[in-house]
Amino acid sequence: MVANQNVSSRWSLQTSPWRTDIRILLISAMIVFLITVAIGLLNGQHITTLSQQVLLTHVHAGTIGWITLSVFAISIWIFGEGAPQGTNQYIRWSSIIAAISVPLYVLAFLSGIPIARAVLGVPVLLVMIAFLGWVAARISKIRLGVAQVAILAALLTLVLGGVLGVLLQIQSATVGFLPNGAAGGHPATMVAGYLVLIGMALSELSLMPDTDKVSWLGITQVILFFLAGLAIGAGLLFDLKPLLGLNTLFQLIGVIIYIIRFAPKLIRVNWLGHNSSRFFAISVLFVVVNIALTVSLITGKIPGNPPPPWLIIPLDHSIFIGVMTNAIFGLINDATQERRSLWPWAEDVLFWGMNIGLTGFLVALLSGIPVLERIFTPIMGLSILLGLLMYALRMRTSPPAQYIEATATASYR
């Protein structure tokens, strides 16, 4: 019970000195996510064939918009404890620039103008570097645990993947200068490295007890997945097959450690209760699903041929929705805990609708039954839209007077 209270206190917007910056990032993330969901709902019905630029918008609105803006907010929460007042303006401007530049970058993909993507990708990359630099500067000022190391490793991987992504956009607007594997190395680094590490960090923060002891097994797990992300990115970029094998080895060992550490926590989760733990717990399950799909993709890859798209799409959605969206909604659920009396039923609709819809969607893709995709896509998408509306209203309204009084009393004591 104490651990849960610590987690809720950590994520509470009302008690955070960084609440303005965090709100800026989360609201911007939620707005951009609307683009992802809208395109996904349309694409899932197969009414029309969407262009490549629309599909790229769908992917980047989810990865860079919804997820990365939320990751910046998470970084402020975790590494901002006890930060000196002098860093406020640095974070404020970094948050504002991120909240403006990322949506513009997403719209550049929708425009289909290569030079716009190349130009607008630069400020997004600079914001990534800014947050990585701030987090790196804070590591000696806070108590490091598995989650903090995972966030640092994830942001480093994000910057590396971001550099490659911006170079790809510059190449598309000018002349070819990157290796042929760059188009595969960029998303692989982001998915297998950056996103998996952030998902694991949120699992650690929410489900593991807060103790003074550092879990070296957990640190080993993080290092393995960090190296796995670098291996798959470099392996695809430079067409080095041994690195793909190394990626598989690191991921298999890492996920075994992950399962051993988290399985006892999942058994005790109240899946039917109104709590944030179930969002984080199911995120853990989808990490395992994602690793299984990644290993299947790498081990089944035919040399010289591109990976089969029927496996890439479920792999991407297992990490985007299954791991990250569940974890981010769990975070926002805790962040708005003082307003849980607003639409409490919507939490159940969001959790069960999104995850049943996602499971059916993955089964449809893996089994090749299109009718299932048409059924489960709207269940997943509409549940997410309801969740975004609910949390937007909770973040917008003021907490009850008794909550403010209780918080002030606790702080005074």
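Within each chain, residues carry numbers counting from 1 in the order of the written sequence. Residue-level local features of this predicted model are given only where pLDDT is at least 70; pairs of side-chain atoms are given and counted only at 80 or more, and the full residue set underlies all totals for whole chains, interfaces and linings. Think of the side-chain values as coming from all heavy atoms in the structure, minus any hydrogens and water.

Novice: How should I be thinking about the packing of helix H6 (residues 146-173) against helix H7 (residues 182-207) in this particular structure?
Specialist: The relative placement of two packed helices comes down to the angle between their axes together with the axis-to-axis distance. For helices, the fitted axis covers only the stretch in contact; all axes are lines through C-alpha atoms, and the angles between them, taken along N-to-C directions, range from 0 to 180 degrees. Per the convention used, a helix needs a DSSP run of H or I reaching at least four residues, while a strand needs a run of E reaching at least two, with both numbered from the N terminus. Contact pair H6 / H7: the axes reach a minimum separation of 8 Å and the direction vectors enclose 160°. Of the possible angle classes, the one that applies to H6 and H7 is roughly antiparallel. For the crossing formed where H6 meets H7, the hand is left-handed. Should an angle fall under 35 degrees it is called roughly parallel, over 145 degrees roughly antiparallel, and 65 to 115 degrees roughly perpendicular, with every other angle called oblique. By convention, the crossing between two helices is left-handed when the near helix turns anticlockwise from the far helix through less than a right angle, and right-handed when the turn is clockwise.

Novice: Whenever I open this one, empty space enclosed by the protein confuses me. Can you help?
Specialist: Over the atoms rolls a probe the size of a water molecule, and in doing so it shows where empty space is left. The distinction between a cavity and a pocket rests on a 1 Å grid over the protein atoms alone: a 1.4 Å probe fits inside a cavity but cannot get out, while a pocket stays open yet meets protein on both sides within 12 Å along at least five of seven lines, and a residue with an atom within 4 Å of a point counts as lining. Grid points are joined across faces, edges and corners, and a volume is the space filled by probe spheres set on the points. Tallied over the entire structure, the rule returns one cavity of 30 Å³ or more. Roughly 100 Å³ of volume is contained in the largest cavity. Every element with two or more residues in the lining of the largest cavity is listed here: helix H3 (52-79), helix H5 (114-138), H6 and H7. The nonpolar class holds Ala, Val, Leu, Ile, Met, Phe, Trp, Tyr, Cys and Pro. Asp, Glu, Lys and Arg form the charged class, and all remaining residues, Gly among them, are polar. Taken together, the residues of the lining of the largest cavity sort by class into seven nonpolar, five polar and no charged.

Novice: Is there a simple way to explain the confidence of the model for the chain in this structure?
Specialist: Parts of the model with low pLDDT should not have their predicted coordinates read in detail. When the pLDDT values of the chain are averaged, the result is 88; 90% of them are 70 or greater. Residue-level confidence of the predictor is what pLDDT reports, using numbers from 0 through 100. Note on definitions: a residue-residue contact is assigned when non-hydrogen atoms from the two residues lie within 4.5 Å. Across residues 1-7, confidence stays below pLDDT 50; counting only partners more than four residues off in sequence or on other chains, it has four contacts. Every residue in residues 401-413 is under pLDDT 50, and counting partners more than four places away or in other chains gives six contacts.

Novice: Got a minute to help me understand the environment of Pro242 in this structure?
Specialist: Examined against the element boundaries, Pro242 turns out to sit in helix H9 (residues 241-267). Pro242 sits eleven residues away from Ala231 along the chain, and the two C-alpha atoms are 9.0 Å apart.

Novice: Sorry if this is basic, but what is going on with the nonpolar core here?
Specialist: One broad trend across soluble globular proteins is that nonpolar side chains are buried collectively. In this description, a nonpolar core means a group of buried Ala, Val, Leu, Ile, Met, Phe, Trp, Tyr and Cys residues linked to one another through side-chain atoms lying within 4.5 Å. Think of it in three bands: with a 1.4 Å probe and only protein chains considered, a residue is buried below 20% of the maximum accessible area for its type, exposed above 50%, and partly exposed in between. Ranked by internal contacts, the top residues of the largest apolar core, which has 109 residues, are Trp66 and Phe72. A per-element tally of this core places helix H11 (residues 309-335) first, with 13 residues.

Novice: It is not clear to me how the packing of H3 against helix H4 (residues 88-111) should be interpreted in this structure. Could you clarify?
Specialist: Interaxial distance between H3 and H4 falls to 8 Å at its minimum, and their mutual angle equals 170°. When the interaxial angle is binned, H3 and H4 end up roughly antiparallel. Of the residues in H4, those touching H3 at Gln53, Val54, Leu56, Thr57, His60, Ala61, Ile64, Gly65, Leu69, Phe72 and Ile76 are Ile91, Ser95, Ala98, Ala99, Val102, Val106, Phe109, Leu110 and Ser111. Taken together, the residues of the contact of H3 with H4 break down into 14 nonpolar, six polar and no charged.

Novice: Looking at this structure, how should I read H4?
Specialist: The α-helix advances 3.6 residues per turn, and as a result positions three or four apart in sequence lie on the same side. In a regular helix each residue adds 1.5 Å, so 24 residues correspond to 34 Å; H4 covers 35 Å between its end C-alpha atoms and thus fits that length. If you check which residues of H4 are buried, you get Ile91, Ser94, Ser95, Ala98, Ala99, Ser101, Val102, Pro103, Tyr105, Val106, Ala108 and Phe109. Two residues or fewer after H4 comes Gly112, characterised by a positive phi angle close to 75°. One less than the residue count of a helix, multiplied by 1.5 Å, gives the span that helix is expected to have.

Novice: I keep staring at the side chain of Thr36 and nothing clicks. Help me out?
Specialist: Position of Thr36 among the secondary structure elements: in helix H2 (residues 19-45). Once residues within four sequence positions are removed from consideration, Thr36 is found in contact with His58, Ala61 and Gly62.

Novice: Honestly, the pattern of salt bridges in this entry has me stumped. Any pointers?
Specialist: Any two side chains of opposite charge can pair if their charged atoms end up close together. In what follows, salt bridge is the name for a side-chain nitrogen of Lys or Arg lying within 4 Å of a carboxyl oxygen of Asp or Glu. Per the counting criterion, the structure on display carries six salt bridges. One salt bridge connects Arg261 with Glu204, and the closest N-O pair in it is separated by 2.5 Å. Placement of Arg261 in helix H9 and of Glu204 in helix H7 is noted, with a sequence separation of 57 residues between them. Each member of the pair Arg261 and Glu204 is classed as buried. Arg394 is the partner of Glu347 in a salt bridge, and the nearest nitrogen-oxygen pair spans 2.9 Å. Within this pair, whereas Glu347 is found in helix H12 (residues 344-367), its partner Arg394 is found in helix H13 (residues 370-396), the two being separated by 47 residues in sequence. Exposure remark for Glu347: the relative accessible area of 1% places this residue in the buried category.

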